[in-house]
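# Structural characterization, general
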Amino acid sequence: MNRRPTRLLAHEGGSISILFALSITVVMLTVGGSVDLARSYFARQKLSQVATLACQYASRPSVIQYIAPSYSGANGGATYRSMVSDYITRALTSQAVGYTQTNANPFTYTVNGPADVSLSASVPTTFLQLARIDQMGVGANAHCYDNSGAISQTVPDGNSNYVLRESFEVNACSGVCWFAWAPDGSQTFRTTPQNTFPNSPAFTGDHGAQWYVMGYCAEVDAAGIIRPTVADGSFSAELDCDDGHGQKGNSSISTKVYMAAGSYELRYSFIARVVYADYNPVAVCASTA
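Residues numbered from 1 in each chain as written. Predicted model: local features only at pLDDT ≥ 70, side-chain atom pairs only at ≥ 80, totals over all residues. Heavy atoms only, no water.

Applying the stated criterion across every chain, the model contains 2 salt bridges. R165 is the salt-bridge partner of D232, the closest N and O atoms lying 4.0 Å from each other. Of this pair, D232 sits in the loop between β7 (218–222) and β8 (235–238) while R165 is found in the loop between β3 (135–145) and β4 (178–181), placing the two residues 67 residues apart along the sequence. Note that R267 is salt-bridged to E265, the shortest N-O span being 2.7 Å. Accessibility assignment for this pair places R267 and E265 in one class, exposed. (Salt bridge = Lys/Arg side-chain N within 4 Å of Asp/Glu carboxyl O. Helix = DSSP H or I, 4+ residues; strand = E, 2+ residues; numbered from the N terminus. Buried < 20%, exposed > 50% of the residue type's maximum accessible area, 1.4 Å probe, protein only.)

The following block contains the structure:
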C-alpha cells in the first residue's frame, strides 16, 4: 500500500524538475531574446541614419557635379559612386554603428536615372543562441532621387572658373524691352508684396542659377531703358519693381550656391535706379579690397 504513493511522488517530482527547467529556458529566451532584438533594432536605426546621410551627401550639387563628363572625363560616374561609397564608410564610423556593413555595393546610381543606398549588417546574438540563432540580419534602404537632373542648384561643371554667373539675359525679350517675374514665377505684378520666403524659384537665369523673389517682382530691363549700357550682357535686373508706372516698390532676389572650401572672388555691379536731385548716384562694384 505504501509503494504506489512513493513511486507516484518520485514521478511527479521528476515532472516538476523538467517543467522548471523548461520554464527557466522560456524565461531566458523571452527576456534575453528581447535584449537581442533591441540590439538589432538599434543597429537598424543606425544603418537607417547612415543611409539617410549618404543620400543627402549624394544629392549635394557640389558632389553631383562629378557626374558631368566635362568634370572628370568618362570616369565621372565612377568618381561619383566612389565618393558616395567612401562617405558611407566614414559615416558608419562616425555614427558608431559597431557592426560591419556587408553589402558590397551600398550605393547604386543609374545614369540619367535613380540613386539609392542599401545597407546591411549581421548582429551577433547572446541569449538567442539557446535557440541556435547565432546572428540577426538587419538592413536599411534610402531612395536619394529619381533623376539627378531634377535636383535644383546643380553645378554643371566643376572645371569652370565660375561657381555662379548671371547677366539676366532674357530670350523672350528682344530690343529695348523689359520683362518681369512675380515671386510665384508668373509674368505678372503683385498688388501686395511677398513677405515670406517662397517655396520655389521665380525664374532660372541664363547660366542655370535659380532665383527666388521677395517683394513685388524681379524686373529685367534691356540696355537703353534705365542705362544706355550694362556691366555684363545686354540686360540688368531692377529691384525697384515699378511695373513701368512707378506703382510698386522694392523687391529682392536670392539664390543658393554650394561651394567647396577654397578661395573665391565676388564681382557684382549696382547702379541707383533713380537720379535724385540731392543724391549723387555712383556705381558700386566689388573689388579685391
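A few words on unusual backbone geometry. Of note in the backbone geometry, N112 takes a positive phi value of approximately 60° without being a glycine. Of note, N112 is situated in the loop between β1 (107–109) and β2 (115–124). You can call N112 exposed: its relative accessible area is 63%.

Quick look at the sheet that holds strand β5 (residues 203–204) now. Here 3 strands make up an open sheet; going across it, the order is β5-β6-β11 and the pairing antiparallel. This sheet does not close on itself; its edge strands, each paired only once, are β5 and β11 (252–254). Bridging between β5 and strand β6 (residues 210–214) involves 2 bridges; their strand directions are antiparallel. Of the residues in β6, the one forming a bridge with T204 is Q210. (Pairing = 2+ DSSP bridges.)

Moving on, we get to the nonpolar core. Membership of the largest hydrophobic core comes to 32 residues, with the highest contact counts inside it found for L47, Y80, I88, F107, V117, C144 and Y145. For this core, the elements supplying multiple residues, two or more each, are α1 (3–58), α2 (61–64), α4 (76–94), β1, β2 and β3. For this core, the element with the most residues is α1, which contributes 8 residues. Ignoring anything within four residues of it in the chain, the contact list for F107 reads A58, Y80, R81, V84, S85, I88, A115, D116, V117 and C144. Core analysis: the next-biggest nonpolar cluster, separate from the first, contains 14 residues, V170, W181, A202 and V220 among them. (Core = buried A, V, L, I, M, F, W, Y, C linked by side-chain atoms within 4.5 Å. Contact = heavy atoms within 4.5 Å.)

According to the stated counting rule, one finds 1 disulfide in the structure shown. With a sulfur-sulfur separation of 2.1 Å, C55 is cross-linked through a disulfide to C144. Between C55 and C144 the disulfide shows an S-S torsion of about -75°. By sign, it is left-handed. Taken together, the positions of C55 in helix α1 and C144 in strand β3 put the pair 89 residues apart, joining distant regions of the chain. (Disulfide = S-S within 2.5 Å.)

Turning our eyes to something else, we now look at the confidence of the model for the protein. Atomic detail in the predicted coordinates should be set aside for any region of low pLDDT. Averaged over the protein, the pLDDT score is 76; the fraction of residues at 70 or greater is 71%. Confidence scores differ between elements of the protein, with strand β13 (residues 284–285) showing the lowest mean pLDDT of 52 and β2 the highest of 92. Segment residues 1–13: pLDDT under 50, and 0 contacts once partners within four positions in sequence are set aside and those in other chains are kept. (pLDDT = per-residue confidence, 0-100.)

What the 3 strands build is an open sheet, ordered β1-β2-β3; its pairing is antiparallel. Every other strand in the sheet has two partners, leaving β1 and β3 as the edge strands with one partner each. Shown here is a sheet whose adjacent strand axes are inclined to one another by a mean of 15°, direction ignored. Sheet topology note: the β1/β2 ladder contains 3 bridges and is antiparallel. Looking across to β2, one finds that T108 is bridged to D116. (Axes fitted to C-alpha atoms, helices over the stretch in contact; angles between N-to-C directions.)

Before going further, it helps to spend a moment on the environment of D146. If you trace the backbone, D146 turns up in the loop between β3 and β4. Note: C-alpha distance between D146 and Y109 (37 residues apart in sequence) is 9.9 Å. Apart from the residues within four sequence positions on either side, D146 is in contact with G113 and P114. Within the local environment of D146, its side chain forms a polar contact with the side chain of H143, the two groups lying 2.7 Å apart. (Polar contact = N/O pair within 3.5 Å; in protein donor to acceptor, adjacent residues only side chain to side chain.)

Quick look at the environment of S59 now. Of note, S59 is situated in the loop between α1 and α2. Expressed as a C-alpha distance, the spacing of S59 and V84, which sit 25 residues apart in the sequence, is 9.8 Å. When near neighbours in sequence (up to four residues on either side) are disregarded, S59 contacts I64, C144, Y145 and I151.

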